[in-house]
Amino acid sequence: MASIFATIIFVAMFIFIVTEIVERHIISLVCAALTLVFVFGVGMQSMDAVVETLNVHSIFNSGFWYHSGEAAESASGINWETIIFIFGMMVMVEGMAKVGFFRWLCMRIAKMVKYKVIPIFITFMVLSTILAMFIDSITVILFLAAVTIELSRLLKFNPIPMILAEVFCANLGGSATMCGDPPNIIIGTSLGYSFADFITNTGLIAAVSTVVVLLYFYFVYRKDLAVKTGESVDFATLPSPESAITNKKGFIISCMIFGVTIVLLITHAQTGLTVATIGVFVAIVTLIAAGKGALELMKKVDYKTLSFFIGLFVVIGGLEQTGVLEVMAGFIGKISGGNTMVMIAIIIWLSAIASAFVDNIPFATTMIPIIKSLSVTFGVDLEVLSWTLAMGTDIGGSATPIGASANVVGIATAAREGYVIKWGTYCKKMVPATLIVILISMVVIYLRYL
Amino acid sequence: MGSQLIISVGREFGSGGHVIAEALAKHYDIQFIDHHLMEEVALERNLNYEELKEYDEKEKKPIITRRIRGLSNSPEENLAYLQFDYLKKKAVKGDSFVIVGRCSEHVLREFKTMVSIFVLGDRNCKVKRVMERYNLKESAAIKLMDEKDFKRKRYHNSHCEGKWGDSRNYDISVNSSKLGIDDTVKMLIDYIDMRRGKMD
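Counting restarts for each chain: residues are numbered from 1 in the order of the written sequence. Whichever chain is written first is A, and whichever ligand is written first is 1; the rest continue in order. The predicted origin of the model limits local features to residues at a pLDDT of at least 70 and limits the giving and counting of side-chain atom pairs to 80 or more, whereas totals for whole chains, interfaces and linings rest on all residues. Hydrogen atoms and water are omitted, and side-chain values are computed over all heavy atoms in the structure.

Novice: Could you clarify how one ought to interpret the overall build of chain A in this entry?
Specialist: Per the secondary structure count, chain A includes 22 helices and 0 strands. Rg of the C-alpha trace for chain A: 22 Å, near the compact-globule value of 22 Å for 450 residues, within the 12% margin. Along the first, second and third principal axes, the C-alpha atoms of chain A reach 75 × 50 × 45 Å. Each residue's exposure class comes from its accessible area (1.4 Å probe, protein chains only) as a fraction of the maximum for that residue type: buried when under 20%, exposed when over 50%, partly exposed otherwise. Taking all 450 residues of chain A together, the buried fraction comes to 59%. A sequence separation of at least 24 residues applies to 79% of the contacts in chain A between residues at least 6 apart. Surface accessibility of chain A: about 17400 Å² in total, with carbon and sulfur atoms responsible for 70%. For helices the rule is a DSSP run of H or I covering at least 4 residues; for strands it is a run of E covering at least 2, with both sets numbered from the N terminus onward. The atom set for the radius of gyration is the C-alpha atoms, and the globule formula is 2.2 Å times the number of residues raised to the power 0.38. The criterion used for residue contact is that any of the two residues' heavy atoms lie within 4.5 Å. Accessible surface area values rest on a Shrake-Rupley calculation with a 1.4 Å probe, where residue burial reflects the displayed protein chains alone.

Printed below as a string of structure tokens:
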């Protein structure tokens, strides 16, 4: 009975998220409330399941803030470590945006390459990849796409190829680290991996893929990016990078906070600080530095996304507690016949295809208990399945305009300036790029781990 | 014209709202903007109008559209906002114009110099008008009328808080079938003149 309720609520949640009848955070919170009442209350009649899924007690555990040894796997239910970390990063990013950091960085790079289109194209792809390793891809694309359009008007080139390449690279960069893409944060905190674990595994795959992707986009877009001949550009009209900085003191402080955050993330396995601690630290320091502007920064935090996560964790907790995900894991195991190679192929392609059409966050959250179960049942290394899942969900989203947040933001930023990116235009170049990176990921996983 | 005047005209298909809006623009000698708005936006921004026009005044397509932090990948929605921004910029500049549709009564609601009008009509009169204007049989005219109104309603309601045609959203709603097109125009001119007196 409880498992039927959990499945119905989960499927309904997905359908409503896809149809966007109401905003996704409302859907997930309503579904979470239904899970608490019907799955845990009516179906299981278990208060323990409610307490375990809400997982509030974990926050009061010292291990939540500091690991003395190996990072531990978190219990099922709401992953507060993820929520707190993302909150902290959102505050930091808002602080950086307010002082003009991102616009300055883009303009600085454009100036550095002497406003030449192809070098801008290449450096912006690299910039997108690197920034997305530490900052959410939405923010990266919001600024990169806006600057790209501004430069395209001044330098007279078509901004669409550049924006699409930046979007792809943002998704690719996000796959490289634990904090780059929400699925990675959830995988990392749920299964107890460190920043170093990600960078040495998915990071390596992303590095190889970035080289291939840079070449791919260069060859498919070099003709589209040709500047119209005969039109001279007055470089004096181009905005100076410094003009982007709104507050010099705040800018320097923001750069320092960003630098310290990266160091803390890279060394968190050694220092023992959890990502929740880093998130809280980053938020507090940014708010103190903002002074009177702290309230404004707090208001800009995307609470809708955070509440979406909370609701989602409860709904997935319902599936986990009722054993539905174990059944699904058993099904994947049966199809693969217990063969690790087939299992990896199924997980990576299933994740990629699903993430191309539905939000990769609920998908990854659902898949975590499944890969855990597969690992226990069939004796497959959980780490291998984790990197497979991370690459599948992070990269698969690049294939379609609705697959990942960065895609939607890039397309919207372009369209609001009159540059329409149709589904066909998008998929024509992005689907092959996605297939290439998924294939690279699969080959690297096979060669390195099997 | 001395002071700014913006006239926003919403209309049911076949009600003569477009003709009425055109007559008002002629009377006040101000710019008339209808479906050419997109063309104007494209020209201003050096964009390809042919590529943009297929998304004009259309509702976003569900399922293949996703929204993130208030941003959407729907061209229909983004181009609607592009036009709204253009209208706002024009209004801020102090331009006078008559604008047909495009959620203008909602988009320009903060401008005190705007008069918003909704033109409706009796169903039989609208059908007759559509039959004559498009040389259609009655059934085809009804079909076309219902389709157009359905699309306008969906487009409007997806971008505005108020509902399309709801009299509470407009300064004046008028049934053009009762007075006929010419007298409706006269009545609206009287109303607009009185309103302009109060604007000063």
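Novice: Help me understand the interface of chain B and chain A in this model?
Specialist: Where interface size is given, it is often the accessible area lost as the parts come together that is meant. Residue-level contacts link 22 residues of chain B with 29 residues of chain A. Among the residues of chain B in contact with chain A, B:Arg66, B:Arg69 and B:Leu71 are the three that bury the most area, contributing 31% of the side total. When a carboxyl oxygen of Asp or Glu lies within 4 Å of a side-chain nitrogen of Lys or Arg, that pair is called a salt bridge. Between chain B and chain A we count 5 salt bridges in total. A:Glu417 is the partner of B:Arg45 in a salt bridge, and the nearest nitrogen-oxygen pair spans 2.7 Å. Summed over both partners, buried area is the accessible surface (1.4 Å probe) that two parts give up on being assembled.

Novice: Looking at this structure, I do not really get the sheet that holds strand 2 (residues 31–33) of chain B. What am I missing?
Specialist: Strands belonging to one sheet form pairs held by backbone hydrogen bonds; the direction of such a pair is parallel or antiparallel. Residues and elements named next belong to chain B. Note on pairing: two strands pair once DSSP finds at least 2 bridges between them. Strands sit in the order 2-5-1-6-7 across an open sheet of 5 strands; the sheet is parallel. Across the chains shown, the open sheet's two edge strands, defined by having one partner strand only, are strand 2 and strand 7 (172–175). Each strand axis lies, on average, 20 degrees off the axis of its neighbour in the sheet, ignoring direction. Of the pairings in the sheet, the one linking strand 2 to strand 5 (residues 97–100) comprises 3 bridges and is parallel in character. For phenylalanine 32, the partnering residue across the bridge sits in strand 5 and is valine 98. Contacts between helix 4 (residues 75–93) and the sheet are confined to strand 1 (6–11), strand 2 and strand 5, with strand 5 contributing the most and set at about 160 degrees to the helix. Axes here refer to lines fitted to C-alpha atoms; in helices the fit is confined to the stretch in contact. Angles between the N-to-C directions go from 0 to 180 degrees. Against the sheet, helix 8 (residues 176–199) makes contact with strand 1, strand 6 (114–120) and strand 7, and its axis sits at roughly 160 degrees relative to strand 7, the strand it touches most.

Novice: Sorry if this is basic, but what is going on with helix 1 (residues 17–28) of chain B here?
Specialist: Owing to its 3.6 residues per turn, the α-helix brings residues three or four apart onto one side. All names here are of chain B. The length a helix should cover is 1.5 Å for every residue beyond the first. Taking 1.5 Å of rise per residue, 12 residues should cover 16 Å, and helix 1 covers 17 Å from first to last C-alpha, within 8% of that figure. Within helix 1, burial applies to Gly17, Ile20, Ala21, Leu24, Ala25 and Tyr28. Down the axis of helix 1, the sector holding all buried residues measures 140 degrees, keeping them to one side. Close packing links the buried residues of helix 1 with strand 1, strand 2, strand 5, strand 6 and helix 8. Positioned one or two residues after helix 1, aspartate 29 has a phi angle of 55 degrees, which is positive. Here, the arc refers to the directions that run from the helix axis to the C-beta atoms.

Novice: Looking at this structure, how should I read the nonpolar core?
Specialist: Soluble globular proteins: nonpolar side chains tend toward being buried together. Definition used in this section: a nonpolar core is a set of buried Ala, Val, Leu, Ile, Met, Phe, Trp, Tyr and Cys residues joined via side-chain atoms within 4.5 Å. Ranked by size, the top nonpolar core spans 190 residues in total, and within it A:Phe124, A:Leu151, A:Phe168, A:Phe217 and B:Leu108 carry the most contacts. Once you skip the residues sitting within four places of it in the chain, A:Phe217 turns out to touch A:Phe121, A:Met125, A:Ala165, A:Phe168, A:Arg222, A:Lys429, A:Met430 and A:Ala433. In this structure, B:Ile7, B:Ile20, B:Val100 and B:Leu188 belong to the second largest nonpolar core, which totals 20 residues.

Novice: Sorry, what's going on with the pattern of salt bridges here?
Specialist: Proximity of charged atoms lets side chains of opposite charge pair with each other. All names here are of chain A. Tallied over the entire structure, the rule returns 27 salt bridges over all chains. Between lysine 98 and glutamate 296 there is a salt bridge whose closest N-O contact spans 3.6 Å. Highlighted residues: lysine 98 in helix 5 (residues 80–98) and glutamate 296 in helix 15 (residues 294–300), separated in sequence by 198 residues. A residue is classified by how much of its surface remains accessible, and lysine 98, at 37% relative accessible area, is partly exposed. Residue classification places glutamate 296 among the partly exposed residues on the basis of a relative accessible area of 38%.

Novice: Hey, could you run me through the side chain of A:Ser28 in this one?
Specialist: All names here are of chain A. Following the sequence through the fold, serine 28 ends up in helix 2 (residues 24–43). Judged by relative accessible area, serine 28 falls into the buried class, the value being 0%. Definition of a polar contact: a pair of N or O atoms within 3.5 Å, with one able to donate and the other able to accept a hydrogen when the atoms are protein atoms, and with sequence-neighbouring residues admitted only if both atoms are side-chain atoms. Among the polar contacts listed, one links the side chain of serine 28 to the backbone oxygen of phenylalanine 308, at a separation of 3.0 Å. Discounting chain neighbours no more than four positions away, the residues touching serine 28 are Met13, Ser307, Phe308, Gly311, Leu312 and Val315.

Novice: Whenever I open this one, a nonpolar patch on the surface confuses me. Can you help?
Specialist: All names here are of chain A. Taken together, the side chains of Met1, Phe16, Ile21, Val22, Ile26, Val30, Leu34, Val37, Phe38 and Val42 make up a nonpolar region of the molecular surface, amounting to roughly 870 Å² of accessible area. A total of 6 residues in the nonpolar patch trace back to one element, the largest contributor, which is helix 2. Examined against the element boundaries, isoleucine 26 turns out to sit in helix 2. Overall, isoleucine 26 belongs to the partly exposed group, its relative accessible area being 37%. Two joining distances apply to patches: 9 Å for like charges and 5 Å for nonpolar side chains (Val, Leu, Ile, Met, Phe, Trp, Tyr), and every residue must have over 30% relative accessible area and no salt bridge.

Novice: It is not clear to me how the environment of B:Arg154 should be interpreted in this structure. Could you clarify?
Specialist: Residue and element names in this part refer to chain B. Locating arginine 154 in the fold gives a position in helix 7 (residues 138–159). Classification of arginine 154 by relative accessible area gives partly exposed; the value is 36%. C-alpha of arginine 154 to C-alpha of lysine 137: the two residues are 17 residues apart in sequence and 26 Å apart in space.

Novice: What am I meant to see in the side chain of A:Ser375 here?
Specialist: Residues and elements named next belong to chain A. Relative to the helices and strands, serine 375 resides in helix 19 (residues 360–378). Classification of serine 375 as buried rests on a relative accessible area of 14%. Within the structure, the side chain of serine 375 is placed 2.8 Å from the backbone oxygen of valine 380, a separation counted as a polar contact. For serine 375, the residues in contact, after removing those within four places along its chain, are Val380, Asp381, Leu382 and Leu385.

Novice: I would appreciate a short explanation of the pairing of strand 6 of chain B in the present structure.
Specialist: Residues in a regular strand point their side chains to alternate faces of the sheet. All names here are of chain B. Counting buried residues along strand 6, 6 of its 7 residues qualify, which places the element largely inside the surrounding structure. Here strand 1 pairs with strand 6 via 6 bridges, running parallel. Pairing of serine 8 across the sheet is with serine 116, part of strand 6. As paired elements, strand 6 and strand 7 share 4 bridges and run parallel to each other. Looking at strand 7, one finds that valine 119 is bridged to valine 174.

Novice: Would you take a moment to explain the packing of aromatic side chains for this structure?
Specialist: For any two aromatic rings, the description comes down to two numbers: the centre-to-centre distance and the angle of the planes. All names here are of chain A. Two aromatic rings, drawn from Phe, Tyr or Trp (for Trp, its six-membered ring), form a pair once their centres lie within 6.5 Å of each other, and the interplanar angle then sorts them: stacked below 30 degrees, edge-to-face above 60, tilted otherwise. Summed over the entire model, instances satisfying the criterion amount to 24 aromatic pairs over all chains. Look at phenylalanine 168 and phenylalanine 217: their rings are 5.6 Å apart centre to centre, the planes differ by 65 degrees, and that puts the pair in the edge-to-face class. Linking phenylalanine 168 in helix 9 (residues 159–176) with phenylalanine 217 in helix 11 (residues 195–221), this pair joins segments that are 49 residues apart in sequence. The buried category is assigned to phenylalanine 168, whose relative accessible area is 0%. An angle of 10 degrees between the planes, with centres 5.9 Å apart, marks the rings of phenylalanine 217 and tyrosine 221 as stacked.

Novice: What is the right way to look at unusual backbone geometry in this model?
Specialist: Negative phi is the rule for most residues except glycine; trans is the rule for most peptide bonds. Although it is not a glycine, A:Lys156 sits at a positive phi angle of roughly 60 degrees. Here A:Lys156 is to be found in the loop between helix 8 (137–155) and helix 9. Here the phi dihedral of B:Arg69 falls at roughly 45 degrees; this positive angle occurs in a residue that is not glycine. Tracing the sequence through the fold places B:Arg69 in the loop between strand 3 (67–68) and strand 4 (71–72). Of the residues examined, B:Arg69 reaches a relative accessible area of 37% and is grouped as partly exposed.

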